[in-house]
Structure formats: structure tokens, C-alpha cells
Amino acid sequence: VQLQASGGGLVQAGDSLRLSCAASGRTFSSYHMGWFRQAPGKEREFVASITRGGGSSFYADSVKGRFTISRDNAKNTVYLQMNSLKPEDTAVYYCAARYEMQTSYIYWGQGTQVTVSS
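Predicted model, so just to flag it, every value in this text is computed and none were measured. (Residues numbered from 1 in each chain as written. Predicted model: local features only at pLDDT ≥ 70, side-chain atom pairs only at ≥ 80, totals over all residues. Heavy atoms only, no water.)

**Q** Could you give an account of the overall build of the protein, naming the residues involved and the relevant values?
**A** A count of helical and extended segments in the protein gives zero helices and eleven strands. Its C-alpha radius of gyration of 13 Å places the protein within 12% of the 13 Å reference for a compact globule of 118 residues. Dimensions along the principal axes, computed over C-alpha positions, put the protein at roughly 40 × 25 × 25 Å. In the protein, which comprises 118 residues, the share counted as buried stands at 41%. Sequence separation of 24 or more characterises 53% of the internal contacts of the protein that already satisfy a separation of 6 or more. (Helix = DSSP H or I, 4+ residues; strand = E, 2+ residues; numbered from the N terminus. Rg over C-alpha atoms; globule rule 2.2 N^0.38 Å. Buried < 20%, exposed > 50% of the residue type's maximum accessible area, 1.4 Å probe, protein only. Contact = heavy atoms within 4.5 Å.)

**Q** Kindly report on the nonpolar core, identifying the contributing residues and their values.
**A** M33, W35, L80, M82 and Y93 are the most contacted members of the largest nonpolar core, which has 29 residues in total. Among the secondary structure elements, those contributing two or more residues to this core are β1 (3–6), β3 (17–23), β4 (31–38), β5 (45–50), β7 (67–72), β8 (77–82), β9 (91–99) and β11 (112–117). In this structure L80 touches L17, R18, L19, W35, V47, A48, F67, T68, I69 and Y93, once residues within four positions along its chain are discounted. (Core = buried A, V, L, I, M, F, W, Y, C linked by side-chain atoms within 4.5 Å.)

**Q** Tell me about the environment of M101, and name the residues and values.
**A** Note that M101 resides in the loop between β9 and β10 (107–108). Overall, the relative accessible area of 76% leaves M101 in the exposed class.

**Q** Got a sec to walk through the pattern of salt bridges? Specific residues and values, please.
**A** For the structure shown, the criterion picks out five salt bridges. The salt bridge partner of D61 is K64, with a shortest N-O separation of 3.1 Å. The same class applies to D61 and to K64, which are both exposed. Shared partners join several salt bridges into a network, and the residues in it are R37, E45, R66 and D89. (Salt bridge = Lys/Arg side-chain N within 4 Å of Asp/Glu carboxyl O.)

**Q** Could you give me a rundown of the environment of R18, with the residues and numbers involved?
**A** Its place among the elements puts R18 in strand β3. Taking C-alpha positions, R18 is 22 Å from V1, a pair spaced 17 residues apart along the chain. Not counting residues up to four positions away in its chain, the partners in contact with R18 are S6, G7, Y79, L80 and Q81.

Take it as geometry only, folks, not as evidence of what the structure does.
This is how it looks when you write it as C-alpha cells:
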């Protein structure tokens, strides 16, 4: 599957952004989807994930209560709604996909830059 992330930009602290990740292919609903981010000089970190049918989602403590992951399997798209953005949310955000039985994400998008100014 090929993943294309979009929706990043430059915003001020407290603003909101919605990232989208469009997937190619007809098997999107077979994949658990995740969002990760990598800030300059830091390792990539988990942000959020959602199960194949969208019934369960998981979040990093740093974004819990501010970010919401969702998916539309009919549109082959996963979203990350980011509210109350903070400067420390500044990073390149990546979407990724894995099969249910895998522990590692095997498909990655190209990333979209999110910059939050104070």
C-alpha cells in the first residue's frame, strides 16, 4: 500500500490542524493505521493508532485529550485531528500501516511538516 500524508502547515500555539493520509489499493481496511512524528534531533515517536475497523484507538500520553485519530475506510483515508497545538508538537508527521498480526509498521508515508509557533 502507498500512503500520502497531507495537511501540515505553520500554525500558532492553541490552533488546530487536521492531517490526512490517503492510501492506495483496495485493502485499506485490512490495516491498522498509525501516526508517528519526528522532531529535529529526536527519534521518531508514536502519536496515535487506530484498529482496522476504527473501533479502538490509542494515543501517546503527550497528545491524549488533544489529538483524535479516525479513519474512513470507504475513502481509504486516516485522519489526525490536532487541537490545542503546542510548540513541542512541531515535527514531521508520518502515517503508517501494518497488518493486525504484525507488531511493526511496514508501510510509511512521506511525512508532512507541522510547525507550531509560540
